[in-house]
Every structure is written in C-alpha cells, then in structure tokens.
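Breakdown of the fold
The residues making up each chain are set out below.
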Amino acid sequence: MAEGPEAPGDAAAAAPKARPQSARRPLHVALVCHPTQGGSGVLATELARELGRRGSIAHVVSYQPPLRLPRFPPNVFFHEVDLPSHPLLVHAPYEMALATKIVEVARYEGVEVVHVHYAVPHAFAAVTAAAMVAPAPLRVVVTLHGTDVTQLGDDETIAPALAWSLRKCDAVTAVSASLAAAARERFGLDHVRVIPNFVDPVSMRPHRDPALRASLAAPGDLVLLHASNFRPVKRIPDVVRVFAAVARARPAVLLMLGDGPEVAAAHRMARELGVADRVHFLGMHEDVAPLLSVADVFLLPSETESFGLAALEAMACEVPVVATCVGGLPEVIEHGRTGWLCPPGDIEGMAAACLRLADPATHATMASQARHRAVTAFGAARVVPRYEALYREVLAAEAGRA
Ligand code: GMT
C-alpha cells in the first residue's frame, strides 16, 4: 500500500519482511470484479484462469460467480462477498463487505496482491482492505476498464473518493492508451500503464458449425452480429439502423447477443424499420465462440469504447469488425485490414462497410488478418506475463520498503 496505518513508524517496525521476488515463485493474487456480462468481469475471469494455468493461485472475489468462470479451473478459487442485512440498511454497504472479504483472503489464503477490475467501487474497498491488514503487506493494483473513467470519473457524487483511492494504489493500469490518457487527465495520475485486454486463442477460435448457422440464418444471408451489455453507450438503435440499411441491399440477418437496458429499444427500432423478422435476440451465453463464429461481421457502433473486448473476441474467431473510430477501438481494429472504422452515427458508412464484407474474397482476407492480429498482438501468452511482471514489481517494491 502507498500508506500504512495511523502510526506508520510502529507499523513498519512490526511489518513482516516481504519475500524476495523470484520470477518462478507462484503468485497469490485476488482478482476482484463485477460478475455480470461486462468485459471487465470477462477479463478478470480469463486472467484468473491464465494465472492458475501458469502455476499461480488466483482468488476471484465478487458477489456471485462471474458468468464465464468455469466450474473448477486449476488453482482458481471463488470467494463470495456476503452482504449484511439490517432494517436501517436500505443500501447494503458493499464496499465494507468487499473490504472485509479481501482482508479474509489476505489473512487466511496468503493473498499478497489484490488486483481490482473496474475501479468503482473496487479500488476504494481494496485500499481500505490494505490499510486494515497493515503492517502486513497487501499490494493493490487497479485496472481501469472504461466508464469507470469516462463516465464515473466525472460523477461528482463519487469522483473525489475515486481519485483518492487511485492515488493510494500501488499500480494503475488501463486497457488502452486512449483510456490511460483520459485517466491521467481526469485523476491527475502520473503513472498509468497500458496493459491491453487479451484473448485465449485456443478457446476463442473459429468454430465451424453449419447446423448452428442454418438454425439462425438462411443460406446466402449476410450474418451481422452485435454482442454487448446493451447499454446506451453502445448506441443499440444504430446497430438496428445499420442492419436495416444492409438488409435493404441484400439478404441479411442480425444476431443480438447479450442483454441489458436497451434491448426493448432494439425491438422497437426493428419493428419501426420493418426488419423485426430478421433480428434474433439470443440472450446471454457463457460460451460465445460458437455464436461469434456464425457471424460474417461484428458490429460495434458505440459512442465511446475504451477497448472493445467483444470485438477482439470476434476477431479471434475470424470475424472482421465494423465499428466506430472512438476511444481505444483504433488500437484494436486496423481500418481496412481487420475491419472498418466510421464516425459514430455514420449509418450509411457502416452499412457500406458491412456490404464490402459480403464479397467472399475480401471477407476471407480480412477474417484471416483479424485472427492473426488478435493472436499476435493480444494473445494471452503475450499479455498475461505483463501482469505477472507487474505483480512481482509491486511486491519487490514492498520488499525494498519493509
Ligand atoms: O466501462 C464499461 O462500460 C464497462 C466495462 C465492462 O465491464 O464491460 O466495459 C469496458 O471494459 C471492457 C473490458 O476492458 C472494454 O472492452 C470496453 O470497451 C469498455 N467499455 C467502454 O469503454 C464503454
């Protein structure tokens, strides 16, 4: 932690010496995340799985098991945050309950680094937990994912507490250079490192399933797919508008994967534009690779997007992406090679890009380039060691101080 308890001199004297850091010693890491379908929870879960595979011990902490956490991956353990119930507590004190759970995994499971995904409310709870266990060492790493900076970073009901907790952390990372720049500016942080999101190229690979495709689309249909948490920032009505423009030009179908507040707006827009019979709402699924693989185009017309993990997963499944040129998307999608980028709201431009992908030769080239970029630039083998190195670095800093 950046700061110890109230009496730092005494605390430092009593602090157990942190172990010297050998690159081979297994790490004991708690990964805190939102368990719902958002990309930050997916990334935290995948990171836990990768750390476990590589011999470290990962403790996933949340209020329910994350959607994509497989039942018993090696070296990965789930810890549920228990909430108190009392007539006075109209709003359950989640941060206190989370801090208590983090302290528990630090004390009884030997966790030495707590890595929180999505700063709100996790960073505040982690910093509190580290202060609670001091003088025992517990390092705090925060990964910023998107709206924790671009929306909640400006929300004056919490922004001071958020900025304070980020300054108390041992390391802050962001999933794209664009988000890191926004965080530096908003929170006045000197050091925000960029560690991009990643995919496991083995599980996230093309799954050819003609029967599944036949159940969702007619032969000759161009299959567009959108996957998200259906929040306003995704511009869900634009997904349907782009699709309707494509469907005016050729046979096509739109698959909507996920769930969220804008689903009703999508249904309404599809009815208004006369394409409701060609828009299929698939709901939430744990195993998305077979569904992504059905698509010819992944459509992401967001207002803002720090990274676009769902687009990266589509690319890994050989699906080129049509998206907006906002936030971190240009860091992931190479315009004209692995997809097309248009300004937000450019319905005609995005529809034209989708139609270009109806050409089999263009599609085959871009699909293969998309997979290649996903694996080489964002494969787990390339990115996960950067997190491991960061954990060892913050632990070594602790050892130096103790
Ligand atoms: O920030 C959010 O809106 C939620 C967050 C999430 O949990 O899904 O999404 C963000 O994090 C993802 C994982 O890093 C990124 O792929 C998304 O682009 C990002 N969403 C936005 O920036 C809107």
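See the structure printed just above.
Attention in this report is confined to the structure presented alongside it. A quick note: this is a predicted structure, and the numbers were derived from the prediction, not measured.

Side note on the packing of aromatic side chains
Enumeration over the complete set of coordinates arrives at 4 aromatic pairs. Taking 5.9 Å as the distance between ring centres and 85 degrees as the angle between the ring planes, the aromatic pair formed by Tyr63 and Tyr94 counts as edge-to-face. Here the residue Tyr63 occupies a position in the loop between strand E2 (57–62) and strand E3 (76–80), and Tyr94 occupies one in helix H3 (residues 94–109), the gap between them amounting to 31 residues. Judged by its relative accessible area of 13%, Tyr94 falls in the buried class. Ring plane angle 55 degrees and centroid distance 5.9 Å describe the contact between Phe124 and Trp164, whose orientation is recorded as tilted.

A short note on the environment of Ser293
With respect to the secondary-structure elements, Ser293 resides in helix H11 (residues 289–294). Once the C-alpha coordinates of Ser293 and Leu225 are considered, the two residues, 68 residues apart in sequence, prove to be 9.7 Å apart. Apart from residues no more than four positions distant in its own chain, Ser293 is found in contact with Arg205, Pro206, His207, Arg208 and Cys317.

Brief notes about the packing of helix H4 (residues 119–133) against helix H6 (residues 159–168)
The relative placement of two packed helices comes down to the angle between their axes together with the axis-to-axis distance. At their nearest, the axes of H4 and H6 sit 9 Å apart, and the two run at 55 degrees to each other. Here H6 runs oblique to H4, going by the angle between their axes. Seen along the crossing, H4 lies across H6 with a hand that is left-handed. On H6, the residues that touch Ala119, Val120, Ala123, Phe124 and Val127 of H4 are Ala161, Leu162, Trp164, Ser165, Leu166 and Lys168. Classifying every residue of the contact of H4 with H6 by side-chain character gives 9 nonpolar, 1 polar and 1 charged.

Things to note about the pattern of salt bridges
In the structure shown here, the tally under the stated rule is 20 salt bridges. Note that Arg186 is salt-bridged to Asp154, the shortest N-O span being 2.8 Å. Of the two residues, Arg186 sits in helix H7 (residues 177–187) while Asp154 sits in the loop between helix H5 (147–150) and H6, which places them 32 residues apart along the sequence. Residues joined in a network through salt bridges with shared partners are Arg235, Asp238, Arg241 and Glu303.

Re the sheet that holds strand E13 (residues 339–342)
Overall, parallel pairing links the 6 strands, which are arranged E10-E9-E8-E11-E12-E13 in an open sheet. For this open sheet the edge positions go to strand E10 (279–283) and E13, each flanked by a neighbour on one side alone. Taken over all neighbouring pairs, the strand axes of this sheet differ in orientation by 20 degrees on average, direction set aside. Two elements, strand E9 (residues 252–258) and E10, share 4 bridges in a ladder whose sense is parallel. Counterpart to Met256 in the pairing with E10 is Phe281. This element, helix H9 (residues 236–249), spans strand E8 (222–228), E9, E10 and strand E11 (297–300) of the sheet and lies at about 160 degrees to E9.

Describing helix H2 (residues 39–53)
Spanning 15 residues, H2 covers 21 Å between terminal C-alpha atoms, matching the ideal 21 Å at 1.5 Å per step. The buried fraction of H2 amounts to 12 of the 15 residues, a majority that puts the element mostly inside the structure.

Regarding unusual backbone geometry
Here the bond from Val120 into Pro121 is cis, since omega is -5 degrees, no more than 30 degrees from zero. With respect to the secondary-structure elements, Pro121 resides in helix H4. Along the chain, Ala134 connects to Pro135 via a cis peptide bond; the corresponding omega equals 10 degrees. Checked against the element boundaries, Pro135 lands in the loop between H4 and strand E5 (139–144). For Tyr118, which is not a glycine, the phi torsion comes out positive at approximately 80 degrees. Inspection of the secondary structure puts Tyr118 in the loop between strand E4 (113–117) and H4. Positioned with a positive phi, Phe230 is a non-glycine residue whose angle comes to about 50 degrees. Structurally, the position occupied by Phe230 is in the loop between E8 and H9.

Some words on the nonpolar core
The biggest cluster of nonpolar side chains holds 110 residues, and the ones touching the most others in it are Leu144, Leu166, Phe298 and Tyr391. No other element matches H4, which puts 9 residues into this core. Shared between two domains, this core holds at least three residues of each, these being domain 1 (25–198 + 379–401) and domain 2 (210–378). In this structure, Phe298 is in contact with Leu225, His226, Ala227, Leu292, Ala310, Ala311, Ala314, Val319, Pro320, Val321 and Val322, ignoring residues within four places of it in sequence.

What about the site of the ligand?
Surrounding the ligand, one finds 16 residues, the nearest of these being Gly39, Ser40, His145, Arg231 and Glu305. Take Ser40: an N or O atom from its side chain is 2.5 Å from an oxygen atom of the ligand. Contact distances for the ligand include 2.8 Å between an oxygen atom and a backbone N or O atom of Ser306. When the ligand is considered free in solution it has 480 Å² of accessible area, and contact with the protein chains removes 94% of it. Its residues assigned to classes, the shell around the ligand comprises 4 nonpolar, 10 polar and 2 charged.

Parameters at a glance
- As a convention, each chain's residues are numbered from 1 in the sequence order in which they are written.
- Only residues with pLDDT of at least 70 get local features here, since the model is predicted, and only at 80 or more are side-chain atom pairs given and counted; chain-wide, interface and lining totals rely on the full set of residues.
- Think of the side-chain values as coming from all heavy atoms in the structure, minus any hydrogens and water.
- Pairing of aromatic side chains requires ring centres within 6.5 Å, counting the rings of Phe and Tyr and the six-membered ring of Trp. Pairs whose planes differ by under 30 degrees are stacked, by over 60 edge-to-face, and all others tilted.
- Each helix is a run of DSSP H or I of at least 4 residues and each strand a run of E of at least 2, with the numbering of both proceeding from the N terminus.
- For every residue, the accessible area obtained with a 1.4 Å probe (protein chains only) is divided by the maximum for its type, and the residue is called buried under 20%, exposed over 50%, and partly exposed between those limits.
- Should any heavy atoms of two residues lie within 4.5 Å, those residues are counted as being in contact.
- Throughout, an axis means a line fitted to C-alpha atoms (over the contacting stretch in the case of helices), and angles, computed between N-to-C directions, take values from 0 to 180 degrees.
- The labels follow the angle: roughly parallel below 35 degrees, roughly antiparallel above 145, roughly perpendicular from 65 to 115, and oblique for the rest.
- Crossings are assigned a handedness: left-handed for a near helix turned anticlockwise from the far helix by less than a right angle, right-handed for a clockwise turn.
- As a working rule, the residues Ala, Val, Leu, Ile, Met, Phe, Trp, Tyr, Cys and Pro are called nonpolar, Asp, Glu, Lys and Arg charged, and the rest polar, with Gly in that last group.
- Salt bridge, as used here: a side-chain nitrogen of Lys or Arg that lies within 4 Å of a carboxyl oxygen of Asp or Glu.
- Each pair of strands is called paired provided DSSP finds at least two bridges between the two strands.
- To estimate the expected span of a helix, count its residues, drop one, and scale the result by 1.5 Å.
- Take the buried residues of types Ala, Val, Leu, Ile, Met, Phe, Trp, Tyr and Cys, join any two whose side-chain atoms come within 4.5 Å, and each joined set is a nonpolar core.
- Residue ranges for the domains originate in an automatic or database domain assignment.
- Near, as used in this document, describes a residue that has one of its heavy atoms within 4 Å of the molecule or strand being considered.
- What qualifies as a polar contact is a pair of N or O atoms within 3.5 Å, subject to a donor-acceptor requirement within protein and to the restriction that residues adjacent in sequence count only when both atoms come from side chains.
- Computed by Shrake-Rupley with a 1.4 Å probe, the accessible areas treat only the displayed protein chains as cover when residues are assessed.

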